[in-house]
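These are the residues of each chain, in order.
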Amino acid sequence: VGSDALGCEETELCIRATRRWPGRRFLFQPAAAAHHFVPSERTTLRYFAARCFAEGVSKARLTQTMGSRHGLASERRYVVRSLSKAVALSLGRFVALRDGWGAARAGIIVLGLTATTVGYARGRLGTRSSR
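Rules used in this analysis
- Residues numbered from 1 in each chain as written.
- Predicted model: local features only at pLDDT ≥ 70, side-chain atom pairs only at ≥ 80, totals over all residues.
- Heavy atoms only, no water.
- Helix = DSSP H or I, 4+ residues; strand = E, 2+ residues; numbered from the N terminus.
- Expected span 1.5 Å × (residues − 1).
- Bend = angle between axes of the 7 residues up to and from the residue.
- Buried < 20%, exposed > 50% of the residue type's maximum accessible area, 1.4 Å probe, protein only.
- Salt bridge = Lys/Arg side-chain N within 4 Å of Asp/Glu carboxyl O.

Here the focus is helix H4 (residues 73-97). Taking 1.5 Å per residue as the helical rise, H4 with its 25 residues ought to reach 36 Å, and the 35 Å between its terminal C-alpha atoms agrees with that figure. The largest bend in H4 is about 35°, located at Val79. Considered for burial, the residues of H4 that qualify are Leu83, Val87 and Ser90. Positive backbone phi, approximately 55°, marks Arg98, located one or two places after H4.

Structure, rendered in structure tokens:
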């Protein structure tokens, strides 16, 4: 809401629902659609990095209440499987096809992961110092 980029509401909802109704599942509905207006200021590299940082802070806060096993389970898989594959493919395009955008994509992915990790560390330090 507004300029506050903190979030993780969906993750917390899913963790709470799973705890409340063990054995139940969430289903993917491919026909579902959501239409969002994205203002131009949210299409910049600066916003992307700030949003990734805020996501890291949000995950740190979530893990304080939900535990890191639940709060970070999907993120671990995403980093290992998806992000590493995307960086490799992008760098492969750069090397094989001299696609400069391939190098740029790889760099932006690394920037996003770095910003998220720094945000997570900052969030963890912030919660420790406030105790």
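Below, the discussion takes up the pattern of salt bridges. One pass over the structure, following the stated rule, counts four salt bridges. In this structure, the salt-bridge partner of Arg51 is Glu55, at a minimum N-O distance of 3.2 Å. With Arg51 and Glu55 both in helix H2 (residues 45-66) and four residues apart, the pair spans about one turn of that helix. On the basis of relative accessible area, Arg51 is assigned to the partly exposed category, the value being 26%.

Let's shift gears to unusual backbone geometry. With the exception of glycine, most residues fall at negative phi, and the peptide bonds are largely trans. A positive phi angle is found at Arg98, which is not glycine, with a value near 55°. Its location among the elements puts Arg98 in the loop between H4 and helix H5 (100-129).

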